[in-house]
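# An overview of the molecular structure
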Amino acid sequence: HYNPLGENQSMRCAAIFTLCLLVISPVARPDDANMKDTILKVLAEQYGRAAVTGMTFGDFTSSANPSYLEVLVSSPTGSGSSSRHISISRDGRYVAESQFYPLNSSEWRDRCANAARSAYNLTGRDRVTVGEPEDSVVSGYQQGIITLIRGGESQQIGYNVSEDRRFLVFGSIFIERSPEELRARFSTAADEPEAGAEDAPVTIVEFADYQCPDCAKMHASVEKILPKYERKIK
């Protein structure tokens, strides 16, 4: 029999069920192969191709930070290998050099120190000092230095902490930028020193340390390249 009330209830239940499916569906993320490629690319850009040669990956698993996944990577070292966790945001945008550690906002410094003791195998006699964090280029995070003193020797390691003091990661967080973003980021400002043709199809942006011998070698190479490829390089 036709029952208007019953029909309306059925339609309403169906609509609510569909809405629930939309809410709980997992957020799409790049597949594992793309995640691995992104990690290899970012680390190679930072440390050179040799740093990622022979690197192998375990399975991607959930991170303490729900916005990230983590994976155990192994790299050859002489006759053996070394392993560490790398974290990558679920959208493939950010790559962190370690796993994420959960913090307590009211005791975040103590939690940072305890995490460093565990990660770097420190004893109770070793000292850990967590430096004041400063602004970072990574949105929502600040960066700082942790000083480890063991056996009379001092070691400094970088760290990133979320602005809400909920998560810690050792090392750096790198941003995977698109070619358009890179061009915008490294575009030469009008008041910066430059050489070569303004309309050159290739632009080289040099970041140098005046006390770095490798930077000095690079500068010598650039001085040879510019006249050789006149009007092609700025």
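Residues numbered from 1 in each chain as written. Predicted model: local features only at pLDDT ≥ 70, side-chain atom pairs only at ≥ 80, totals over all residues. Heavy atoms only, no water.

## Thoughts on the packing of aromatic side chains
Between two aromatic rings, the relevant description is the distance of the centres plus the angle of the planes. Basically, it comes down to this: By convention, a stacked pair of Phe, Tyr or Trp rings (six-membered ring in the case of Trp) has centres within 6.5 Å and planes under 30 degrees apart, an edge-to-face pair has planes over 60 apart, and any other such pair is tilted. The secondary structure listing takes helices from DSSP runs of H or I that are at least 4 residues long and strands from runs of E that are at least 2 residues long, numbered from the N terminus. Classification of residues uses two cut-offs on accessible area relative to the type maximum, computed with a 1.4 Å probe and protein chains only: under 20% is buried, over 50% is exposed, and between them is partly exposed. Two conditions define a charge located above a ring, namely a distance within 6 Å from the ring centre to NZ of Lys or CZ of Arg, and an angle within 35 degrees of the ring normal.
Counted according to the given criterion, the structure contains 6 aromatic pairs. Ring geometry for Phe 100 versus Phe 167: centroids 6.5 Å apart, planes at 90°, classification edge-to-face. With a gap of 67 residues between them, Phe 100 in strand 6 (residues 100-102) and Phe 167 in strand 11 (residues 167-170) connect regions that are remote in the sequence. Residue classification places Phe 100 among the buried residues on the basis of a relative accessible area of 2%. An aromatic cluster is defined as three or more aromatic residues linked by ring pairs; in this entry it consists of Tyr 68, Phe 100, Tyr 141 and Phe 167. Stacked on the ring of Trp 108, the Lys or Arg Arg 165 has its end atom at 4.7 Å from the ring centre.

## Things to note about a nonpolar patch on the surface
Heads up, the rule is: Excluding any residue in a salt bridge, patches collect residues exceeding 30% relative accessible area, merging like charges within 9 Å and nonpolar Val, Leu, Ile, Met, Phe, Trp and Tyr side chains within 5 Å. For every accessible area listed, the method is Shrake-Rupley and the probe measures 1.4 Å; residues are considered covered only by the protein chains on display. Salt bridge, as used here, is a side-chain nitrogen of Lys or Arg placed within 4 Å of a carboxyl oxygen of Asp or Glu.
A surface patch of nonpolar side chains, amounting to about 230 Å² of accessible area, comprises Val 202, Ile 204 and Met 218. Here Met 218 lies in helix 5 (residues 213-228).

## A word on the environment of Glu 198
Looking at the element boundaries, Glu 198 is found in the loop between helix 4 (179-185) and helix 5. Look at Glu 198 and you get exposed, because its relative accessible area is 58%. Distance from Glu 198 to Lys 232, taken between C-alpha atoms, is 9.4 Å for residues 34 residues apart in sequence.

## Examining the confidence of the model for the protein
Which entries qualify depends on this criterion: pLDDT runs from 0 to 100 and stands for how confident the predictor is about each residue. Any two residues whose heavy atoms approach within 4.5 Å are treated as being in contact.
Per-residue pLDDT for the protein averages 85, and the proportion of residues at 70 or more is 85%. Below a pLDDT of 50 lies the segment residues 1-27, which in the model reaches 1 contact outside its immediate sequence neighbourhood of four places, other chains included.

## Brief notes about helix 3 (residues 108-119)
Note the following rule: Residue count minus one, scaled by 1.5 Å, sets the expected span of a helix. The directions considered for the arc are those from the helix axis to the C-beta atoms.
Taking 1.5 Å of rise per residue, the 12 residues of helix 3 would be expected to cover 16 Å, and the 16 Å separating its terminal C-alpha atoms lies within 8% of that figure. Listed as buried for helix 3 are Trp 108, Cys 112, Ala 113, Ala 115 and Ala 116. Around the axis of helix 3, the buried residues are gathered within 160° of arc, so they sit on the same side. Away from its buried face by more than 90 degrees, helix 3 exposes Asp 110 and Ser 118. Once helix 3 finishes, Asn 121 follows within two positions and takes phi at roughly 55°, a positive value.

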